[in-house]
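Below, each chain spelled out in residue letters.
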Amino acid sequence: MNKVSNGLDFRQDYCQFLIVSQKNFTQTYFAEHTKRYTHDQINRYLKSDHISSADIWTEAKAHIIPSNKGYLLFDDTVIDKNYSTKIEMVRRQYSGNAGRVIKGIGVVTCVYVNPEIDQYWIIDKRFYDIDTDNKTKLQHVKDMFNDTIDHKKLAFTTLLMDSWYAVKWLMLLIESRGIIYYCPIKSNRNVNKISNLEINYQRVDSLTWTDEQHQYGHSVHLRGFPKGHSLQVYCLPFSTERTDYIVTNATTTHTLDEIKTICAVRWRIEQVHRELKQTTGIERCQCRKGQSQRNHIACCILVWHRLIALARKWKTTIYKLKQGLLSSYMREKLRKPDIVMLFAGLER
């Protein structure tokens, strides 16, 4: 066997394995297809490496094209471990993808979007492991938000997030940093119309809307916010069964179509999560140790950056790029097959 590489070499080799493998992303499968590492060596490296958020940012920074009109997106995803009984960091939590509570590892992600070229990048991630660091998902968002401004120095003007993060202290923090946010709020959130002379809070879904207010929104005060604090709320009907109520601290007046266009950017983070799960094997690691899972997930994000950069360079999609590896295999095996087809009676 060749001399075992150092940690950085292994990280690159492991990421290469994640790129080329299509279905099986286990240590055993990796060891069976390389002469460089044994299963025990792979296991040891995954447990001992430490891929930090700074490493994710270093990779992202090499690809990012910043924009003064940039967006910052926050959301979380659950790495499905529903089959698991002994994997560390796994807890029961709601998965939007599954539409129910499942066992999994929570990852809070931060995505940067350049709307002028319609490109996006993962710039940070945090693991939801409250037993280890005593931090909620909201606190992770706060840390990543402040880090983006104070340390990454990344230009952006607008922040988009899910209704889960629409809490008073976080919204006021975002405002204090001079950033505009747009986020949905729960239909039972209590608001008071600014035009009211008396305080009369009501559920946001019980507001009455004139044609003008449907087009340009309501000025409201959210219960619990400082006196005189004003936000604009818009009603976005998606179907007969679903209506979203979007609040923003933007001082400029938007039309309903403008709000729809802005909020549509938020789905880029859903696209990122889908690409990660369908092309990198992020949910397929079977390691029991939490540090191994952390490193595997971080490697998947590094791999995503490589794949998305190549997909943009070659003007294709990340899915076609991944599936193209199988196409190369098919062409090679049709040209020079390992197992040759012969009909009975023609064998030599």
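Keep in mind that this is a model prediction, so the values were computed, not measured. (Residues numbered from 1 in each chain as written. Predicted model: local features only at pLDDT ≥ 70, side-chain atom pairs only at ≥ 80, totals over all residues. Heavy atoms only, no water.)

Moving on, we get to the layout of surface pockets. When its volume is computed, the largest pocket comes out at roughly 980 Å³. Along its surface, the largest pocket is lined by 36 residues, and D75, Y94, G96, D162 and E270 are the ones closest to its centre. For the lining of the largest pocket, the secondary structure elements donating two or more residues are β1 (71-80), β2 (91-95), α6 (137-150), β6 (180-185), β11 (243-248) and α10 (267-279). Sort the elements by how many residues they give to the lining of the largest pocket and α10 lands first, with 6 residues. Here the residues of the lining of the largest pocket are counted per class, giving 11 nonpolar, 11 polar and 14 charged. In this structure, the second largest pocket spans a volume of roughly 480 Å³. (1 Å grid on protein atoms, 1.4 Å probe; cavity = no way out; pocket = protein on both sides within 12 Å on 5 of 7 lines; lining within 4 Å. Points joined across faces, edges and corners; volume = space filled by probe spheres on them. Helix = DSSP H or I, 4+ residues; strand = E, 2+ residues; numbered from the N terminus. Nonpolar A, V, L, I, M, F, W, Y, C, P; charged D, E, K, R; others polar.)

Phi at M89 is positive, roughly 75 degrees, even though this residue is not glycine. Looking at the secondary structure, you find M89 in the loop between β1 and β2. Its identity as a non-glycine residue notwithstanding, D118 has a phi of 55 degrees, on the positive side. By secondary structure assignment, the location of D118 is in the loop between β3 (100-114) and β4 (119-128).

Below, the discussion takes up the state of the cysteines. Overall, the coordinates contain 0 disulfides when judged by the stated rule. Here C110 stays unpaired: no disulfide links it, and the sulfur of C183, its closest cysteine neighbor, is 15 Å away. Unpaired in this structure, C299 has its nearest cysteine sulfur neighbour in C15, at a distance of 3.8 Å. (Disulfide = S-S within 2.5 Å.)

Okay, the packing of helix α3 (residues 39-48) against helix α11 (residues 290-313) next. Any two packed helices are characterised by how steeply their axes cross, that is the angle between the axes, and by the distance between the axes. Axis separation between α3 and α11 bottoms out at 7 Å; the angle between their running directions is 85 degrees. By the angle between their directions, the pair α3 and α11 is classed as roughly perpendicular. Only Q291, S292, N295 and H296 of α11 make contact with α3, whose side of the interface consists of N43, L46 and K47. A per-class count over the contact of α3 with α11 returns 1 nonpolar, 5 polar and 1 charged. (Axes fitted to C-alpha atoms, helices over the stretch in contact; angles between N-to-C directions. Parallel < 35°, antiparallel > 145°, perpendicular 65-115°, else oblique. Contact = heavy atoms within 4.5 Å.)

Because the α-helix completes a turn every 3.6 residues, residues three or four places apart line up on one side. Helix length check: helix α1 (residues 7-20), at 14 residues, gives a terminal C-alpha distance of 20 Å against a target of 20 Å (1.5 Å per residue), a fit within 8%. Considered for burial, the residues of α1 that qualify are F10, R11, D13, Y14, C15, F17, L18 and I19. Elements in contact with the buried residues of α1: α2 (27-32), α3, α4 (53-61), α10, α11 and α12 (318-335). (Expected span 1.5 Å × (residues − 1). Buried < 20%, exposed > 50% of the residue type's maximum accessible area, 1.4 Å probe, protein only.)

Attention now goes to the pattern of salt bridges. Evaluation of the coordinates by the stated rule reveals 19 salt bridges. Its salt-bridge partner being D124, residue R126 comes within 2.5 Å of it at the nearest N-O pair. D124 shares its class with R126; the two are buried. With a shortest N-O distance of 3.2 Å, D129 and R294 are connected by a salt bridge. Note that D129 is positioned in the loop between β4 and α5 (130-133) and R294 in helix α11, a separation of 165 residues in sequence. By relative accessible area, R294 is classed as partly exposed at 22%. Connected via shared salt-bridge partners are D124, R126, D147 and K152. (Salt bridge = Lys/Arg side-chain N within 4 Å of Asp/Glu carboxyl O.)

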